[in-house]
Amino acid sequence: MSKTAGRSFIRLLLGAAARLPLGVLYMISDVAAPVLRVVARYRIGVVRENLAKCFPELDERERRKIEKRFYSNFADYAVETVKLLHISDTEMKRRFTFSGTEHIMAAAAAGKDVVIYFSHCGNWEWAPSVTLHVDAECDGRQIVYGQVYRPLRDAAFDALMLEIRSRFGSESFAKSHVLRDLIRIRREGRLSVTGFMSDQKPSHGDPTHPTVFLGRPTAFISGTETLARRLDTAVIYWDMEKPARGRYHITCRPITLSAAEEAQGSITERYARLLEATIRRRPDLWLWSHRRWKNQADFTPET
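If you're wondering where the values come from, they're calculated on a predicted model, not measured in any experiment. (Residues numbered from 1 in each chain as written. Predicted model: local features only at pLDDT ≥ 70, side-chain atom pairs only at ≥ 80, totals over all residues. Heavy atoms only, no water.)

(A) Local environment of the layout of surface pockets. Space inside the largest pocket adds up to approximately 1,500 Å³. Breaking the lining of the largest pocket down by element, the ones donating at least two residues are α4 (60-83), β4 (141-149), α7 (155-165), α8 (178-187), β6 (191-197) and α9 (223-231). Its residues placed into classes, the lining of the largest pocket shows 25 nonpolar, twelve polar and 13 charged. (1 Å grid on protein atoms, 1.4 Å probe; cavity = no way out; pocket = protein on both sides within 12 Å on 5 of 7 lines; lining within 4 Å. Points joined across faces, edges and corners; volume = space filled by probe spheres on them. Helix = DSSP H or I, 4+ residues; strand = E, 2+ residues; numbered from the N terminus. Nonpolar A, V, L, I, M, F, W, Y, C, P; charged D, E, K, R; others polar.)

(B) View of the packing of helix α3 (residues 44-54) against α4. At a closest axis distance of 10 Å, the pairing of α3 and α4 adopts a crossing angle of 135 degrees. It follows from the interaxial angle that α3 and α4 lie oblique. By crossing handedness, the relation of α3 to α4 is classed as right-handed. Judged by residue contacts, Ile44, Val47, Arg48, Leu51 and Ala52 of α3 engage Arg63, Arg64, Ile66, Glu67, Phe70 and Tyr71 from α4. Of the residues in the contact of α3 with α4, the class split is seven nonpolar, no polar and four charged. (Axes fitted to C-alpha atoms, helices over the stretch in contact; angles between N-to-C directions. Parallel < 35°, antiparallel > 145°, perpendicular 65-115°, else oblique. Left-handed = near helix turned anticlockwise from the far one by under 90°. Contact = heavy atoms within 4.5 Å.)

(C) Spatial organisation of the pattern of salt bridges. Tallying each qualifying case throughout the model produces 24 salt bridges. Among the ionic pairs, Glu67 bridges to Arg48, the shortest N-O distance being 2.8 Å. Taken together, the residues span a long stretch of sequence, with Glu67 in helix α4 and Arg48 in helix α3 at a distance of 19 residues. Residue Arg48 is classed as partly exposed on the basis of its relative accessible area, which comes to 27%. Two residues, Arg281 and Asp239, come together in a salt bridge whose shortest N-O distance is 2.8 Å. Here Arg281 is found in helix α10 (residues 266-281), whereas its partner Asp239 is found in strand β9 (residues 234-244), with 42 residues between them in sequence. Residue Asp239 is classed as buried on the basis of its relative accessible area of 4%. Taken together, the shared-partner salt bridges connect Arg37, Arg48, Glu60, Arg64 and Glu67 into one network. (Salt bridge = Lys/Arg side-chain N within 4 Å of Asp/Glu carboxyl O. Buried < 20%, exposed > 50% of the residue type's maximum accessible area, 1.4 Å probe, protein only.)

This is the structure:
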């Protein structure tokens, strides 16, 4: 089978799976979670190292409980993301709720673009459903909702993920030219509300902000703050929770209405503290399998 035929088959398979009820997909998730953890041992070493270094006060039994719940949440995330190919707006609005969206609209009413800090907690692929909970215009100006992404190497799967991420009308901006895109939107007289996943390992050469995060010296991506300061946007943090299986809630927590007025590094530092509180509240919801601290520079954060 050629690569093209293989990709087409996988796309059809995922499309068919998306039509299954979530209850059935969760049965698949229940099987997949222990397979990932015990059989395939998917990044098990990374998960255990991260948990051990971030929660040294916990004994091994307690960390194993977090580990097990993490793999269950990760499997749920996978089947829920597939479900985005076939889910109604009504069901999504019921399953993924928001509070504090008035902070977004208040910024828009003040003529401000908005930068959203969010992370790999819960189901980040469902987060663009915010478009179902907020207005598409403010004072006659269109609001463009979007998210920044890193294009995948495989063009077919990159196109599939873009399809999923645009499910509720949001736009996707490649990291390499997001600033240009947001300036274009502003020049067109529209407002932008853009999500930035800022909890990843900084790419080589990226500017960083040193801090202590989960008890570890950590280099945080500072490009999000740099962009927010340059465009003088409002900045909001999305605090993710999972009240029940298949149900998520985000609380919009304002960081600043004017990024340009904030001291250098203060926005990133505030984000780090908010994210740390989110993770400590429900550690199993964060993506422990990513190599957050890999090859980070040796530094001593300011105290």
